[in-house]
Amino acid sequence: MTTSNKAILDPDRFPKPPFRQQPQQAPGLASEMDPPPDHGETSYRGHGRLTGRKALITGGDSGIGRAVAIAYAREGADVAINYLPEEESDAAEVIKLIEAEGRKAVAIPGDLRSEAFCQKLVNEAADKLGGLDILVNNAGRQQFNESIRTLSTEDFDATFKTNVYAPFWLTKAALAHLPRGAAIINTSSVQAFKPSDILLDYAQTKACNVAFTKALAKQLGPEGIRVNAVAPGPYWTPLQPSGGQPQEKVEQFGADAPLGRPPVNRLKSHRSMSLWLPMSAVLPPARCGVQTAVQAQCNASISVDMMAALRGHF
Ligand code: NAD
Ligand code: MG
């Protein structure tokens, strides 16, 4: 075995907890995280599977959205990303990475809790990209709260506006642009199925994302538009240290996973590429448009959940 192959197979080459406590104000920055998240910058190889496609990815500045933006650009797509204005520095890194692939990169900051902004975002993205055929509803708000007694209406409302209303508004606006063969991909969570006590509002919104995906898939399937969702388990992204989890949990993030560490984001884009892609080779054509697959929270169970998705159990 060559030295580089040995390095690739080494299960210990990724950072393991304990990590240092590192509180950030939401939405947080990837650039402030220690260890730095891996979005596939040096590992993802494209195969031209999205040549000529035009994608809008919300929350594309960091975390899962950044991993998807890099993967899409390397597959040949032009990519527009949305993020909050305070995340400009993270977004600038993603724009550079997309442009490095020779693809068009469009940055459109703004707050998705406004319906008017969601409409403007979609129209501007379609205008600047010269069309739109992939919408990735990925932006999300997760702020832990110990008790329903202390969870304010303002917090509840902000979580629902970001995670439930925005995908609804963005999808409505996108339908004016999406042609046959287009794809909508929503980011749910393992929290939809196994809610944590401290994520009462967030977990509900992620269950909403699943129902939204399944119902919308039935509406849009006859129009040739596929609707899918991924439901990730814990990933090391700014969402976690910026109020998504208590700092004691951030310190031990991923420690209870089988490998004793969190999965790296690039697994996200590698393993679930078939779902993020608009023309999945994995999902049986007869079920296209009604599949929701679960990206499990640890490597060991990914294949199990992928099989369940294939059999149409979701
Ligand atoms: P992240 O912090 O990198 O991404 C979330 C993004 O949401 C932010 O970058 C921000 O740009 C965007 N956002 C939040 N509020 C917004 C608003 N009002 N307007 C515009 N944009 C806003 O974290 P991530 O973990 O990559 O999260 C991406 C998605 O993945 C979210 O929907 C999250 O719920 C989901 N998810 C994450 C995990 C995980 O463990 N990290 C697990 C399951 C699901
Ligand atoms: Mg961010």
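If you're wondering where the values come from, they're calculated on a predicted model, not measured in any experiment.

Definitions and limits used
Counting restarts for each chain, with residues numbered from 1 along the sequence as it is written. Chains carry letters and ligands carry numbers; both start at the beginning, A for chains and 1 for ligands, and go up in the order they are written. The predicted nature of this model means local features are confined to residues of pLDDT at least 70 and side-chain atom pairs, given and counted, to a pLDDT of 80 or more, with totals for whole chains, interfaces and linings taken over all residues. In this description, strands pair whenever DSSP reports at least two bridges between them. Secondary structure elements follow DSSP: runs of H or I no shorter than four residues count as helices, runs of E no shorter than two count as strands, and numbering proceeds from the N terminus. Axis definition: a line fitted to C-alpha atoms, over the contacting stretch in the case of helices. Angles run 0 to 180 degrees between N-to-C directions. Throughout, a pair of residues is in contact if the C-beta atoms placed from their backbones lie within 7 Å. Three exposure classes are used, all based on how many other C-beta atoms lie within 10 Å of a residue's own C-beta (placed from the backbone): buried at 20 or more, exposed at 12 or fewer, and partly exposed between those limits. A clockwise course of the path from the first strand over the helix to the second, judged with the strands pointing away from the viewer, identifies a crossover as right-handed. For classification, angles of less than 35 degrees are called roughly parallel, those exceeding 145 degrees roughly antiparallel, those between 65 and 115 degrees roughly perpendicular, and all remaining angles oblique. In this scheme the crossing of two helices becomes right-handed for a clockwise turn of the near helix relative to the far one and left-handed for an anticlockwise turn of less than a right angle. All amino acids are sorted into three groups, where Ala, Val, Leu, Ile, Met, Phe, Trp, Tyr, Cys and Pro are nonpolar, Asp, Glu, Lys and Arg are charged, and the leftover types, Gly among them, are polar. The criterion for a residue being near a molecule or strand is a backbone-placed C-beta atom within 6 Å of that molecule or strand. Nonpolar cores are identified as sets of buried Ala, Val, Leu, Ile, Met, Phe, Trp, Tyr and Cys residues joined via C-beta atoms within 7 Å. A helix is expected to span 1.5 Å for every residue after the first. pLDDT expresses, on a scale from 0 to 100, how confident the predictor is about each individual residue.

Here six strands make up an open sheet; going across it, the order is S3-S2-S1-S4-S5-S6 and the pairing parallel. Each edge of the sheet is formed by a strand with only one pairing partner; in this case those strands are strand S3 (105-109) and strand S6 (226-230). Strand-to-strand twist of the sheet, defined as the mean angle between neighbouring strand axes without regard to direction, takes the value 15°. Two elements, strand S1 (residues 54-58) and strand S2 (residues 78-83), share five bridges in a ladder whose sense is parallel. From the neighbouring strand, Leu56 faces S2, where its bridge partner is Ala80. Against the sheet, helix H2 (residues 63-74) makes contact with S1, S2, strand S4 (134-137) and strand S5 (183-187), and its axis sits at roughly 170° relative to S1, the strand it touches most.

For S6, the tally of buried residues reaches five of five residues, placing the bulk of the element in the interior. Burial along S6 is two-sided: Arg226, Asn228 and Val230 and Val227 and Ala229, pointing in opposite directions, are all buried. Between S5 and its parallel partner S6, the chain crosses via helix H6 (residues 200-220), and the hand of that crossover is right-handed.

This paragraph deals with the packing of H2 against helix H3 (residues 88-100). In contact at an axis separation of 9 Å, H2 and H3 are set at 15° when each is read in the N-to-C sense. With respect to their mutual orientation, H2 and H3 come out roughly parallel. Remark: the crossing between H2 and H3 carries right-handed chirality. Contacts from Arg66, Ala69, Ile70 and Ala73 of H2 reach H3 at Val94, Leu97 and Ile98. For the contact of H2 with H3, the residue count by class is six nonpolar, no polar and one charged.

What follows covers the site of ligand 1. Neighbouring ligand 1 are 30 residues; Gly59, Ser62, Gly63, Gly140 and Thr237 lie closest to it. Listed by contribution, the elements that provide at least two residues to the shell around ligand 1 are H2 and S2. For the shell around ligand 1, the leading source of residues is H2, giving three residues. In terms of residue class, the shell around ligand 1 is made up of eleven nonpolar, 14 polar and five charged.

Looking now at the nonpolar core. Membership of the largest hydrophobic core comes to 61 residues, with the highest contact counts inside it found for Leu56, Ala69, Tyr72, Val79 and Val122. Broken down by element, the residue count for this core peaks at eight residues, all from H2. With sequence-adjacent residues up to four places away left out, Leu56 is seen in contact with Ala80, Val122, Ala125, Leu132, Leu135 and Val136.

Position of Glu124 relative to the elements: it lies in helix H4 (residues 115-129). Measuring from C-alpha to C-alpha, the distance between Glu124 and Val106 comes to 9.4 Å, with 18 residues separating the pair along the chain.

Our focus in this paragraph is H2. An ideal rise of 1.5 Å per residue puts 16 Å on twelve residues; H2 measures up with 17 Å between its terminal C-alpha atoms. Here H2 lies mainly inside the structure; twelve of its twelve residues are buried. Gly63, Ile64, Gly65, Arg66, Ala67, Val68, Ala69, Ile70, Ala71, Tyr72, Ala73 and Arg74 are the residues of H2 that are buried. After H2 finishes, the residue Gly76 shows a positive phi value of roughly 105°.

On to the confidence of the model for the protein. Low-confidence regions, as indicated by low pLDDT, have predicted coordinates that should not be scrutinised in detail. Residue-level pLDDT values for the protein average 83, and 80% of them are 70 or greater. Taken together, the stretch residues 266-272 has pLDDT below 50 and engages in 22 contacts with residues farther than four places along the chain or on a different chain. Within the model, the stretch residues 278-314 combines pLDDT values under 50 with 74 contacts to residues more than four positions away or in other chains.

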